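A structural walkthrough
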Amino acid sequence: YGAGGMREVLVLAFPLVLSTGSWAIQHFVDRMFLAWYSAECIAAAMPAGILNYAVMSFFIGTASYAGTFVAQYHGAGTRHRIVPVLWQGIYFSLLGGIFIMGLIPLAGPIFELVGHEPAVRENEVVYFRYLCLGAFPVIASSALSGFFTGLSRPWPVMWVNLLATMVNLVLDYCLIFGFCGFPEMGMQGAAIATVISGFFSFASYAFLVARPSCNRLYSTLTEIRFDHELFGRLVRFGVPSGVQ
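Here goes a summary of the coordinates provided. (Residues numbered from 1 in each chain as written. Predicted model: local features only at pLDDT ≥ 70, side-chain atom pairs only at ≥ 80, totals over all residues. Heavy atoms only, no water.)

A closer look at a nonpolar patch on the surface
A cluster of nonpolar residues, F14, L18, W155 and W159, forms a patch on the protein surface that exposes about 430 Å² of accessible area. Within the residue set of the nonpolar patch, elements represented by two or more residues are α1 (6–37) and α8 (155–177). Positionally, W155 belongs in helix α8. (Patch = residues over 30% accessible without salt bridge, like charges linked within 9 Å, V, L, I, M, F, W, Y side chains within 5 Å. Areas by Shrake-Rupley, 256 points an atom, 1.4 Å probe, with all protein chains shown as cover. Salt bridge = Lys/Arg side-chain N within 4 Å of Asp/Glu carboxyl O. Helix = DSSP H or I, 4+ residues; strand = E, 2+ residues; numbered from the N terminus.)

This is the structure:
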């Protein structure tokens, strides 16, 4: 129960466990709604979603490694290095978002090559394109969440993920089936709900990081320059994590 004991580990890990659980719930309910909507939608959601994540996970794994550096600098008392490495993670996220958006025109040929039925293939293309469009906020959120976990503050991460999950589930229901004044959009609605949820996460983290109290303590809005040395360190140590 002392420093580094089970109690300290549980205090830090419990909010992150709930955060991970919220993502599992989100994906389960999302797939359940699509299964209710049509067989073609649920058949398309898995291959299109997994292909998108297979590409995006490389950038998520690399950008989120900024949290490791934040923890290192926080523990060493070198506070002036914390925010610069966070911004390098955001710059890497921007590159990842641009790269993944470049896959949007290739969605048709990719799923044509897969060879599924036309109705399934059409939904795969729609889902994949929208997910690619919303790649940057998802990747950047992984870097921003690392800022809080690296500072031993996992509770903001938990609340942001839980709220984003609620946003996704409510919009899923409304946009897939056409409730509360929204049009019935099926697979397109599920994709839009996911993208909006990603933007909500990014905006929430950005709001927390940009608060005056946080800016006074860590200069989150002033130490924003590109640092090629720090960026190189992030890529050097983060890419193996992204590949894994």
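Continuing now.
Some thoughts on the side chain of T220
Mapped onto the elements, T220 comes out in the loop between α10 (212–218) and α11 (228–243). For T220, a relative accessible area of 0% corresponds to the buried category. A polar side-chain atom of T220 sits 2.7 Å from the main-chain carbonyl oxygen of V209. Residues within four places of T220 in sequence aside, it is in contact with V83, W87, F147, V209, A210, C214 and N215. (Buried < 20%, exposed > 50% of the residue type's maximum accessible area, 1.4 Å probe, protein only. Polar contact = N/O pair within 3.5 Å; in protein donor to acceptor, adjacent residues only side chain to side chain. Contact = heavy atoms within 4.5 Å.)

Remarks on unusual backbone geometry
Positive phi, normally seen in glycine, also occurs at S152, with a value near 60 degrees. Its location among the elements puts S152 in the loop between α7 (135–150) and α8. Residue S152 is classed as partly exposed on the basis of its relative accessible area of 43%. Of note, the phi angle at S219 is positive, near 55 degrees, even though the residue is not glycine. For S219, the location among the structural elements is in the loop between α10 and α11.

Points about the packing of aromatic side chains
Under the counting rule described, the total for this entry stands at 23 aromatic pairs. Centre to centre, the rings of Y173 and F177 are 5.6 Å apart; their planes meet at 55 degrees, and the pair counts as tilted. Here the residue Y173 and the residue F177 both occupy positions in helix α8, the gap between them amounting to 4 residues, near one helical turn. Of the residues examined, F177 reaches a relative accessible area of 19% and is grouped as buried. Consider the rings of F177 and F179, whose centres lie 6.4 Å apart with planes at 50 degrees: the pair is tilted. Among the aromatic residues, ring-to-ring pairing joins F58, F59, W87, Y91, F92, F99, F226 and F231 into one connected group. (Phe/Tyr/Trp six-rings, centres within 6.5 Å; stacked < 30°, edge-to-face > 60°.)

Examining the pattern of salt bridges
Charged atoms that come close allow side chains of opposite charge to pair. Taken as a whole and judged by the stated rule, the model has 4 salt bridges. Notably, a salt bridge pairs E229 with R81, separated by 3.4 Å at the nearest N-O pair. Of the two residues, E229 is situated in helix α11 and R81 in the loop between α3 (66–76) and α4 (82–101); the sequence distance between them amounts to 148 residues. Since its relative accessible area comes to 22%, R81 is described here as partly exposed. Taking the shortest distance from any N to any O, the salt bridge between R225 and D227 comes out at 3.7 Å. On the basis of relative accessible area, R225 is assigned to the exposed category, the value being 55%. What makes D227 buried here is its relative accessible area of 11%.

Overview of α3
Those residues of α3 that fall on the buried side of the exposure criterion are A66, G67, F69, V70 and Y73. End-on view of α3: buried residues confined to an arc of 155 degrees, all on one side of the axis. Opposite the packed face of α3, turned more than 90 degrees from it, sit the exposed residues G75 and A76. Next to the buried residues of α3 lie α2 (39–63), α4, α7 and α11. G77 sits one or two residues past α3 and shows a positive phi near 80 degrees. (Arc of directions from axis to C-beta.)

Points about the packing of α2 against helix α6 (residues 118–133)
One way to put it is that α2 packs onto α6 with a least axis distance of 8 Å and a crossing angle of 40 degrees. As the angle between them shows, α2 and α6 are arranged oblique. Taken as a pair, α2 and α6 cross one another with a handedness that is right-handed. Here E40, C41, A43, A44, A45, P47, A48, G49, L51 and N52 of α2 come into contact with α6, specifically with A119, V120, N123, E124, Y127, F128, L131 and C132. Residue classes in the contact of α2 with α6 are distributed as 13 nonpolar, 3 polar and 2 charged. (Axes fitted to C-alpha atoms, helices over the stretch in contact; angles between N-to-C directions. Parallel < 35°, antiparallel > 145°, perpendicular 65-115°, else oblique. Left-handed = near helix turned anticlockwise from the far one by under 90°. Nonpolar A, V, L, I, M, F, W, Y, C, P; charged D, E, K, R; others polar.)

Note that every value here comes from positions in space, so none of it alone points to a role or purpose.
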